[in-house]
Amino acid sequence: QVQLVESGGGLVQAGGSLRLSCAASGRTFSSYAMGWFRQAPGKEREFVAAISWSGGNTDYADSVKGRFTISRDNAKNTVYLQMNSLKPEDTAVYYCAAMDQIKYVSGRYYPYEYDYWGQGTQVTVSS
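Residues numbered from 1 in each chain as written. Predicted model: local features only at pLDDT ≥ 70, side-chain atom pairs only at ≥ 80, totals over all residues. Heavy atoms only, no water.

S.K.: Account for the overall build of the protein chain, naming residues and giving values.
M.R.: Helices and strands together make up the secondary structure of the protein chain, namely one helix and eleven strands. Secondary structure elements of the protein chain, listed N to C terminal, follow the sequence β-β-β-β-β-β-β-β-β-α-β-β. Whereas a compact globule of 127 residues would reach a radius of gyration of roughly 14 Å, the protein chain reaches 13 Å, a difference of no more than 12%. Taken over the C-alpha atoms alone, the protein chain extends approximately 40 × 25 × 25 Å along its principal axes. For the protein chain, buried positions account for 45% of its 127 residues. Intrachain contacts of the protein chain at a sequence separation of at least 6 include 59% that bridge at least 24 residues. Between the averaged position of the 12 positive side-chain charges in the protein chain and that of its 11 negative side-chain charges there is a distance of 4 Å. (Helix = DSSP H or I, 4+ residues; strand = E, 2+ residues; numbered from the N terminus. Rg over C-alpha atoms; globule rule 2.2 N^0.38 Å. Buried < 20%, exposed > 50% of the residue type's maximum accessible area, 1.4 Å probe, protein only. Contact = heavy atoms within 4.5 Å. Lys, Arg positive; Asp, Glu negative; His and termini not counted. Charge placed at Lys NZ, Arg CZ, Asp CG, Glu CD.)

S.K.: Lay out the state of the cysteines with the relevant residues and their values.
M.R.: If you walk through the whole model with that rule in mind, you get one disulfide. Note that C22 is cross-linked by a disulfide to C96, the S-S spacing being 1.9 Å. Looking down the S-S bond of the C22 and C96 bridge, the torsion is 50°, so its handedness is right-handed. Taken together, the residues C22 in strand β3 (residues 18-26) and C96 in strand β9 (residues 92-100) connect sequence positions 74 residues apart. (Disulfide = S-S within 2.5 Å.)

S.K.: I'd like a description of the side chain of T78, backed by residues and values.
M.R.: Within the element layout of this structure, T78 appears in strand β8 (residues 78-83). Looking at T78, its side chain comes within polar contact range of the main-chain oxygen of K76, at 2.8 Å. The contact partners of T78, leaving out residues within four places of it in the chain, are S21, C22, A23, F29, R72 and D73. (Polar contact = N/O pair within 3.5 Å; in protein donor to acceptor, adjacent residues only side chain to side chain.)

S.K.: Describe in detail the environment of S17, supporting the description with residues and values.
M.R.: Secondary-structure assignment places S17 in the loop between β2 (10-13) and β3. Relative accessible area serves as the criterion here: at 38%, S17 is assigned to the partly exposed category. In the structure, S17 is positioned 28 residues away from R45 in sequence and 22 Å away in space, judged by C-alpha atoms. Here S17 is in contact with V12, Q82, M83, N84, S85 and L86, once residues within four sequence places are set aside. In this structure the side chain of S17 is engaged in a polar contact, spanning 2.9 Å, whose partner is the side chain of N84.

S.K.: Lay out the pairing of strand β5 (residues 46-51) in plain terms, naming residues and giving numbers.
M.R.: Burial within β5 is extensive, with five of its six residues counted as buried. Here five bridges tie strand β4 (residues 32-39) to β5, and the two strands are oriented antiparallel to one another. Residue pairing for β5: G35 is matched across the bridge by A50. In this antiparallel pair of consecutive strands, β4 and β5, the connection spans six residues, and G42 shows a positive phi of 80°. Sheet analysis places β5 next to strand β6 (residues 58-60), joined by three bridges and oriented antiparallel. What sits directly across from A49, in β6, is Y60. Counted along the chain from β5 to the antiparallel partner β6, the turn is six residues long, and its residue G55 has a positive phi close to 85°. (Pairing = 2+ DSSP bridges.)

Below, the structure written as structure tokens:
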């Protein structure tokens, strides 16, 4: 089992920045690929970013590319999402998730491929 706890959400003006953190406990964190997803009211959960177990590979949704950066610190069992140049359309509940590294190449975009989820943290961007 892996337990995931997100933090760092809040209210920010458009153009501002936030850094989300996701702290993991339980089984070996470094054996998991990690992803960030978001869900706005009335919409489906959507892929935001993913990172391989070593941090050597990252991937982003087109809507956040160039503005968001995913990173991880395996010594601290934590994955981060640095969000810059925030827009009102980034408003959502943000979730971190963990998946077996073996599924990363083909499965990183799909919520159903992830094995563990955090409870989510709200990000609200005002215009």
